[in-house]
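Each chain, written out:
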Amino acid sequence: LLTGAVGTGKRRFADHVAAWLLCDQPTPDGACGHCASCAWLTVGNHPSLLRISREVDAKGKQSRQIKIDQIRDLMPFVQQTGQGWRVVIFEPAETLNTAAANALLKTLEEPAARVMILLVADQYLQLPATIRSRVQQIPLGRIETDLAIDFVRDEAAVTLEQAKLLLEMSGGAPLAAVELSTTPQFQVRGQWLATWLAILTGRRSILDATSYWQKQLP
């Protein structure tokens, strides 16, 4: 069970572990990136990786829950025999409905050989206690500030000051900070604050600022 706030990298970590387990020539740092297994992962059709999430219907509407039928479809996958690992990723795991969670218990209690089940949860306490008691919990929300700042600077191509600001605004979650850096709201934030400062120092009237921002914002 991988836990932590949104934007701290749980899903990337799950993908990294899955790739490493399935790789034909794994390295100490992860998958090799060159073998046939890695090629399958790149195109998204690896036969030994199963992703279970909320289904999307024909109209593009996403279900609010992971349902029991999806757990039933899981059984043949985890029970098949063969060489190598099989990996199942549940995301977001806390959306398992009661029937699906109960159906999953037997698999968690009696896991098949060389099967790795990764549950990714933003709100892990929403998972039933019966599920939480049968898995190893790995918290991934604690990230050193310096590492987070360096990551945001590299990924978002921002200054040190902007990286610190983005992390403060996103609760210290690096991926959320990078995503925030691309939003129109963050782009105009500095200009918005400059407007307020101009009003407070008497360099701009409230009416003038109001007229300007009514044109800038929806």
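My aim in this report is to walk through the structure given alongside it, one point at a time. (Residues numbered from 1 in each chain as written. Predicted model: local features only at pLDDT ≥ 70, side-chain atom pairs only at ≥ 80, totals over all residues. Heavy atoms only, no water.)

A word on the nonpolar core
By size, the foremost hydrophobic cluster in this structure holds 22 residues, and its most contacted members are Leu-74, Val-88, Phe-90, Leu-96, Leu-104, Leu-119 and Ile-131. Those elements giving two or more residues to this core turn out to be α3 (68–79), β3 (86–90), α4 (98–109) and β4 (115–121). Setting aside anything within four residues of it in sequence, one finds Ile-131 in contact with Ala-101, Leu-104, Leu-105, Leu-108 and Leu-119. By size, the runner-up hydrophobic cluster in this structure holds twelve residues, among which are Ala-18, Leu-49, Ile-89 and Val-120. (Core = buried A, V, L, I, M, F, W, Y, C linked by side-chain atoms within 4.5 Å. Buried < 20%, exposed > 50% of the residue type's maximum accessible area, 1.4 Å probe, protein only. Helix = DSSP H or I, 4+ residues; strand = E, 2+ residues; numbered from the N terminus. Contact = heavy atoms within 4.5 Å.)

A closer look at the packing of aromatic side chains
Counted under the stated rule, the structure contains three aromatic pairs. The interplanar angle of 70° and the centroid separation of 6.5 Å between the aromatic rings of Trp-192 and Trp-196 together place this pair among those described as edge-to-face. Pair noted here: Trp-192 and Trp-196 are both in helix α9 (residues 184–200), with a separation of four residues, about one helical turn. Take Trp-192: its relative accessible area is 35%, and that puts it in the partly exposed class. Given a relative accessible area of 46%, Trp-196 falls into the partly exposed group. Centre to centre, the rings of Tyr-212 and Trp-213 are 5.3 Å apart; their planes meet at 90°, and the pair counts as edge-to-face. (Phe/Tyr/Trp six-rings, centres within 6.5 Å; stacked < 30°, edge-to-face > 60°.)

Considerations on α9
Taking 1.5 Å of rise per residue, the 17 residues of α9 would be expected to cover 24 Å, and the 25 Å separating its terminal C-alpha atoms lies within 8% of that figure. A maximum bend of about 30° is found in α9 at Gly-190. Along α9, the positions that sit buried rather than exposed are Phe-186, Thr-195, Ala-198 and Ile-199. Buried-residue contacts for α9 involve α7 (160–169), α8 (174–181) and α10 (206–216). (Expected span 1.5 Å × (residues − 1). Bend = angle between axes of the 7 residues up to and from the residue.)

Quick word on the environment of Arg-114
Looking at the secondary structure, you find Arg-114 in the loop between α4 and β4. When the C-alpha atoms of Arg-114 and Cys-23 are compared, they prove to be 14 Å apart, with 91 residues separating the residues in sequence. Among all residues touching Arg-114, those that are not within four sequence positions of it are Gly-84, Trp-85 and Arg-86. Here Gly-84 takes part through its backbone oxygen, which lies 3.5 Å from a polar atom of the side chain of Arg-114. (Polar contact = N/O pair within 3.5 Å; in protein donor to acceptor, adjacent residues only side chain to side chain.)

Structural notes on the sheet that holds β3
The sheet built from five strands is open, its strands ordered β2-β3-β4-β1-β5 with parallel pairing. The open sheet is flanked by β2 (49–52) and β5 (138–139), the only strands paired with a single partner. For strand β1 (residues 2–3) and β4, the ladder comprises two bridges, and the chain directions are parallel. Across the sheet, residue Thr-3 finds its bridge partner in β4, namely Ala-121. (Pairing = 2+ DSSP bridges.)

Thoughts on the pattern of salt bridges
Counted according to the given criterion, the structure contains eight salt bridges. The closest approach of N and O atoms between Glu-91 and Arg-11, which form a salt bridge, is 2.6 Å. In this pair, Glu-91 sits in the loop between β3 and α4 while Arg-11 sits in helix α1 (residues 10–22), placing the two residues 80 residues apart along the sequence. Judged by its relative accessible area of 24%, Glu-91 falls in the partly exposed class. Classification of Arg-11 by relative accessible area gives partly exposed; the value is 29%. As a salt-bridge pair, Asp-208 and Arg-204 come within 2.6 Å of each other at their nearest N and O atoms. Judged by relative accessible area, which is 39%, Asp-208 ranks as partly exposed. With relative accessibility at 25%, the residue Arg-204 sits in the partly exposed group. (Salt bridge = Lys/Arg side-chain N within 4 Å of Asp/Glu carboxyl O.)

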